[in-house]
Every structure is written in C-alpha cells, then in structure tokens.
Amino acid sequence: MKNTILTKFTICGLMLSSFYINAQKTTLEVDASKTITKIQPTMFGLFFEDINFAADGGLYAEMVKNRSFEFEKPLMGWEQPNTKRSSMNKESGSAVPINLAADNTNFCRVEINNDKGYALINEGFRGMGVKKDAKYNLSLKAANPNAAIKKIIVQLIDKDQKVIGETNIIPNSVQWANYTAQIIGTQTEAKAKLKITFEGTGTIDLDMISLFPEDTWKGRKNGLRKDLVQLLYDVKPGFLRFPGGCIVEGRTLSDRYQWKKSVGNVEERKTMMNRWNVEFSHKQTPDYFQSFGLGFYEYFQLSEDIGAEPLPILSCGMACQYNTGELAPMDELDPYIQDALDLIEFANGEVNTKWGKLRLDMGHPQPFNLKYIGVGNEQWGTDYIDRYKVFEKAIKAKYPKIIIVSGSGPSPKGEHFDYAMAELKKLNAELIDEHYYESPKWFRKNAGRYDNYDRKGPKIFAGEYAAQSVSGANPNNRNNWECAFSEAAFMTGLERNAEVVQLSSYAPLMAHEDAWQWTPDMIWFNNLQSYGSANYYVQQLFSTNKGTDLLSITQDGKALIGQHDLYASAVKDTNSKEIIVKLVNTAASNQDVNINLKGAKLGSKGSMIRLVSENLQDENTFADPKKIMPKQSEYKIAKGSQQFDLPPYSVTVLKFKIK
Ligand code: AHR
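No experiment lies behind these values; they were computed from the predicted model shown.

### Examining the sheet that holds strand 19 (residues 403–407)
The eight strands lie next to each other as 2-14-17-18-19-20-21-22, forming an open sheet whose pairing is parallel. Each end of this open sheet is capped by a strand with a single partner; those strands are strand 2 (46–47) and strand 22 (501–506). Helix 3 (residues 296–305) rests against strand 14 (239–242) and strand 17 (309–314) of the sheet, and its axis sits at about 165° to strand 14.

So, in structure tokens, the structure goes:
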C-alpha cells in the first residue's frame, strides 16, 4: 500500500517536473565576437519553373492563349459562337504566300460569308484580368488578300458578354502586315475574353493575336506581370534558378527544355506542349503549352532586375526518369554539352561572339555575369554520374570559373541519394542540389540535417523544398501555417550551417488559382490578384535578414534544434550593424527565452519582426491574403540578458543594433 502511494507520488512528481521544464526559461548564448563563416549572398533564393501556369498565363503577361495557333489543336482557346453564318479554316504556312517564321507555320484563315455577326473569341488563360481605366496593347498580323475585309473590331467582353473596352484595326495591306492598337478597360473583370468581329465579306488571314497590359514590370513592352515580379523582388532573392524542375528534362529528350529555342524573335520561338499538361492524371491541363515568350533572355533580365544571380539548369541528356528515362548515348552528348557552353557565351561572351552577339541584338550588350550552371535536374544512378563527368570536364576546360551544380536525385535519402553523394564527393563536386518534399514533422526533425556534413566537402544547394501537409505533390496539400513555421524551423538549420549550405529555395514558386497542377506553392495568383502564402513570408523573413556573418547561438553549448520545440540561429549584418536572432517556437504554448549576448555593445533599441498565427491550419487566401503577415515592433534593450516571450507557433526575428 505504502509503495503504491509512493509510486503515485513519483509519477505525479515526474509530470510536474516535465511541466516545469516546458514552462521554464530557455537561456541562449549568442557570441558576437566570432564569425563562424560568411553568409553567402546567395543563401536564400528563388526556384522558378513553368508549372501551374507560372510563365504562360502567369508571369508572362500575354493575355491571349494560343495567340499563334500553334497548339496541338490549333483552335484551342478560340471559340466561334456563331459558325453557322461563317467559317474559319486553319491552313499550313505553305498553302498561301506568307512571311511567317518556319517555327510558326499556322495561321487562322477567316471566311466571312456575310458582313455581320461572325465572331472569334479568345478565352484567355482561364479568362483575362481587365482593370478599369488600364490600357491594353493589342497587336496582330493580318493579310487581307482581296481587301475584302474593311475593319477588324476588337473588344474585351465581360462574363455577360458586355463590351468593356474596344478598338479597331483597318487591315489595309494585302500582304502580311503588323497592326497595333490600344484598348482601355471600362470595367474591372477577372474573366474577360477578347472578341474579334469583322466588317466586310470575304477572307482574311490572322496570326500572333496578342494583348498585353501596358502596365508591366518596369513598363517593358510585352513584358512581365508587375504584381508577380514585385512579389519576387520583395524577397530580395540571392539567386533565381530557372527554368525548373522537371521541365528541364522533358518527358522524352525531344521535349526537354532547349534554351536556344527560347531566345531571339518572340514570333520565331516554337510553341510546344508543357510537360505538366499531362503529368498528373488527377490534374490534366490540356491547354498548357509553352510559348517561350518568357525565355532565357527574359530569365536573365529578370534575375538582373530582382538582384539575383542567374542560375540556369540544363538537360544532361537524360529525360525524366519518372517518365521515359530516355538517354542520349554517351557518344552523342555533344549537342547537350554545346548547349551548355553556348549558354555561357550567350550570358557572358563578348558581343563579337556568335551567342554574345545575339544577347546584344536582343538589347543587352553588357554580360549577364553568369557564375553558375546546373547539369541535370532530378537524375539518378550511374547514367547521371557518367554524364556529369563529361559535362564537368568540358565546362571547366573552357570556363574554369563557372560553378557547376550537380544533382543528388529526387529524394534527400535512400540508395540513389547515398550513391550520388558518395560519387559526387569523390569527384570534388562544387555544389550539390538536394530536393525534399516532406512532411512538416520531417522539416522540424531535420533542422540538424547539415550539422555533421563535411565542412571540406561539396557545398549544398537546397534547391527544391516545401513541407507537404498531406504527402508529396498531393492535390490536397495546403500552404498552411504548420508547414510554414516548420520550414522556418528547418531554415534555422540551413542558416546555422551556412558553411555548407550556400543556396536554398522553396519550390514550386507560383500557381494560378484555376490552373495549377502542384500544391503547395509559395505565391498564388489569378488573373487580377496575387498573394504570398505564409511560406512566402517565411522565405522573405529569412532572406531579408540573412546578415553577412554567421554567429553561434547555443543552449548549454549545443545548437537549438527542437529542444522544447524551439529552434534558433543568429547572424551579424556588418552593413546594417545589427545582430539578428531568429527564433521559432513550434509548441502550442508560450515560451520564455533569455538571450545573453556577448562580444558586442548594444544600442538602446531593438526591433522585432514576428510571423504568428493561432492555428496550424491557418493560411493566406484570396479572401484574406494578409492573414499571416510579418508585424514589426520596437523594444527597449535591457541591460544584461534580453528576455522574450515567444507566442505559440511563432517565428520571431530580433534585431539588435550594435554600437
Ligand atoms: O517543384 C515541382 C517538381 O518537383 C520539380 O519540377 C521537380 O524537380 C520536383 O520533382
């Protein structure tokens, strides 16, 4: 009996003591006197892939889908609501004398049998976003062989067919000619369409029917969507990886991404099916094609605009191993290697070289100062290592300073990963790309992943990662707060290991509300609006507070990697003269943290930026895009140690001014 009571007391005592431990203060020591390593300016960057309508229908501001009638079904995206009174044909380029490029052979032949009522309507990318009073620039090519058509009337219509903007073109050339006009929106409408009608009876040929907002990023003609680039810019990314992702590899080698087909005159860039069109049976997107209007020149320019190092990834002669796994034989790798060498010349070469001259002709005489190039995306096995060696040799022979990114496959663990890491280490690979699409719990548990990586071995590019609330690429995944703060916990580990991890990026970057294939995504948009997810703000917080020098932050001499559900990292910023501490509380309760800062004299005021939300399932949405946003406040710096109360599920950035 006595014993039993004692046992009960003991259990109760244990429970109390564990409660007491949870509630007690965590004391952290920050040593500002010693820089562990420099933080690379590339530490936090962006991964861009044309998935989820991120390029066509997204960043590339073209509003007309299938503008050049080059989709597999040439009239996809175009409606003819009243075909009984007229007809339309598609002809091949050779059927009539035209001056179009070899890679843009289709055009639209319209026969108007009576002079009223026939309409050709483009549905846009799940509609067109039109804003009241905004200007839209229309351009098209037309040939009016018999001068039969007197006028082309172009209107924006809303979902009820009401005209919300209008212009017209007089097609006065019998030959192919370019025409431009402007439409001003009279109403804001997210699902507008472009309607074309004709005056006259007879035949007219049309091609490259295009509509762009005038208000693009930097006001560039036919440029990029301003709100979306602004979101990228606001991350202050260290690099921009492009064009993917699996899109680099292709389902077969012939549909791999070929950068040379994405540069030069926009009209001559050959449209092709986007691999994400058919990738997921649960998310087929039959109208997803690549116009390459956003091509490699534009990617380099975008990188420059947002202050990011350009980081192109190229095919290494292996198609996606989840699809065909088609291989370019080892003795037929030359064209692939030449593409890599020519790309470096395009980016950096003198303007009197073949590819440097193209850069000049496209409007950028100055080099883009390319420093990195990636060989393959998510390849695995000996086939990859064999090909990587050949690429490495050729690139280094001609461009010894270019840093080559190699890949470790699609998973952060397992046989393929271990093999790739061991082989690449033997080859003294410079920068290895790791990908992880794992659960939020995995991210919290792996905050120490890089603590034991060899400091003298290859550097790491955490090139694609995102916490998946359900499972990898599951369509029910959400950009919820649990995922976001778990990534923040993990990112303290990236930062603490800045000696090894030199680049990192969340993936995928963007998704159209009505046309996505993969979720979660950092930025969501529709035709009028866009917003950053909670995950976006985590990325932004880390990137804009990355500092310049890594400092140690410890509890009893150990890194904080989840003890009491707390995570921490610390840096110094020698430019802003600040010590920056990042704290993540993944517990459902408040936590008190004491920070003892040695090795620096602090000013009297500090600032705090906090991201917090009450529920694990909370997320930003179109209806409430700012639900989870960083909030800034100031605090007085105390003498001695600094005390902070961390709310449940919170990410806190503390900035201490140094005297
Ligand atoms: O980010 C989406 C896809 O995930 C990428 O295309 C691929 O590299 C990875 O499997």
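Next comes the rest of the write-up.
### A short note on the domain arrangement of the protein
Entries for the protein in the domain assignment read domain 1 (23–39 + 550–658), domain 2 (46–61 + 217–546) and domain 3 (78–213). Between domain 1 and domain 2, a total of about 3,000 Å² is buried, with carbon and sulfur atoms accounting for 69% of that surface. Here Arg-478 makes a salt bridge to Glu-619, at a shortest N to O gap of 2.8 Å. Taken together, the elements giving at least two residues each to the side of domain 1 that touches domain 2 come down to strand 27 (566–573), strand 28 (578–585), strand 30 (602–612) and strand 33 (650–658). Of the residues forming the side of domain 1 that touches domain 2, the biggest block, five residues, is contributed by strand 27.

### Here's the deal with the site of the ligand
Taken together, the residues surrounding the ligand are Phe-47, Glu-49, Gly-245, Cys-246, Trp-276, Asn-377, Glu-378, His-435, Tyr-437, Glu-464, Pro-508 and Trp-518. Tyr-437 has a polar side-chain atom sitting 2.7 Å from an oxygen atom of the ligand. Side-chain polar atom of Glu-464 to an oxygen atom of the ligand: 2.7 Å apart, as the coordinates give it. Considered on its own, the ligand offers 280 Å² of accessible surface; in the complex 96% of this is hidden by protein. Here the shell around the ligand is built from residues that sort into six nonpolar, three polar and three charged.

### Focus: the side chain of Asp-158
The residue Asp-158 is located in the loop between strand 9 (149–157) and strand 10 (163–169) in this model. An unpaired buried charge is present at Asp-158: no salt bridge exists, and Lys-162, the closest side chain of opposite charge, is 4.7 Å distant. Within the structure, Asp-158 has its side chain in polar contact with the backbone nitrogen of Asp-160 (distance 2.8 Å). Contacts of Asp-158, omitting those with residues within four sequence positions, involve Ile-164, Gln-187 and Glu-189.

### A short note on the packing of helix 4 (residues 334–348) against helix 6 (residues 382–398)
Contact pair helix 4 / helix 6: the axes reach a minimum separation of 10 Å and the direction vectors enclose 30°. The angle between helix 4 and helix 6 falls in the class roughly parallel. In the crossing of helix 4 with helix 6, the sense of the turn from one axis to the other is right-handed. On the side of helix 4, the interface is formed by Tyr-336, Ile-337, Ala-340, Leu-341, Ile-344 and Glu-345, while helix 6 contributes Val-390, Phe-391, Ala-394, Ile-395 and Lys-398. Split into classes, the residues belonging to the contact of helix 4 with helix 6 amount to nine nonpolar, no polar and two charged.

### A few points about the pairing of strand 8 (residues 135–143)
When a strand is regular, its side chains alternate between the sheet's two faces. Examined bridge by bridge, strand 8 and strand 11 (residues 177–184) share eight bridges and lie antiparallel to one another. Bridging across to strand 11, Leu-138 finds its partner in Ala-181. Bridge analysis of strand 8 against strand 13 (residues 202–213) gives seven bridges, and the strand direction is antiparallel. The residue bridging Ala-142 from the neighbouring strand is Leu-206, located in strand 13.

### Brief notes about the sheet that holds strand 29 (residues 591–598)
With mixed pairing, nine strands are arranged side by side in an open sheet as 31-30-33-28-27-26-1-29-32. Each having just a single partner strand, strand 31 (631–636) and strand 32 (642–646) make up the two edges of the open sheet. On average, adjacent strands in this sheet sit at an angle of 25° to one another, irrespective of strand direction. Of the pairings in the sheet, the one linking strand 29 to strand 32 comprises five bridges and is antiparallel in character. Paired with Asp-592 across the strands is Asp-645, a residue of strand 32. Packed on one face of the sheet, helix 9 (residues 481–496) meets strand 26 (549–554), strand 27, strand 28, strand 30 and strand 33 and runs near 50° to strand 27.

Thresholds, definitions, all that
- Residues numbered from 1 in each chain as written.
- Predicted model: local features only at pLDDT ≥ 70, side-chain atom pairs only at ≥ 80, totals over all residues.
- Heavy atoms only, no water.
- Pairing = 2+ DSSP bridges.
- Helix = DSSP H or I, 4+ residues; strand = E, 2+ residues; numbered from the N terminus.
- Contact = heavy atoms within 4.5 Å.
- Axes fitted to C-alpha atoms, helices over the stretch in contact; angles between N-to-C directions.
- Domains from an automatic or database assignment.
- Buried area = accessible area lost by both parts, 1.4 Å probe.
- Salt bridge = Lys/Arg side-chain N within 4 Å of Asp/Glu carboxyl O.
- Near = heavy atom within 4 Å.
- Polar contact = N/O pair within 3.5 Å; in protein donor to acceptor, adjacent residues only side chain to side chain.
- Areas by Shrake-Rupley, 256 points an atom, 1.4 Å probe, with all protein chains shown as cover.
- Nonpolar A, V, L, I, M, F, W, Y, C, P; charged D, E, K, R; others polar.
- Buried < 20%, exposed > 50% of the residue type's maximum accessible area, 1.4 Å probe, protein only.
- Lys, Arg positive; Asp, Glu negative; His and termini not counted.
- Parallel < 35°, antiparallel > 145°, perpendicular 65-115°, else oblique.
- Left-handed = near helix turned anticlockwise from the far one by under 90°.

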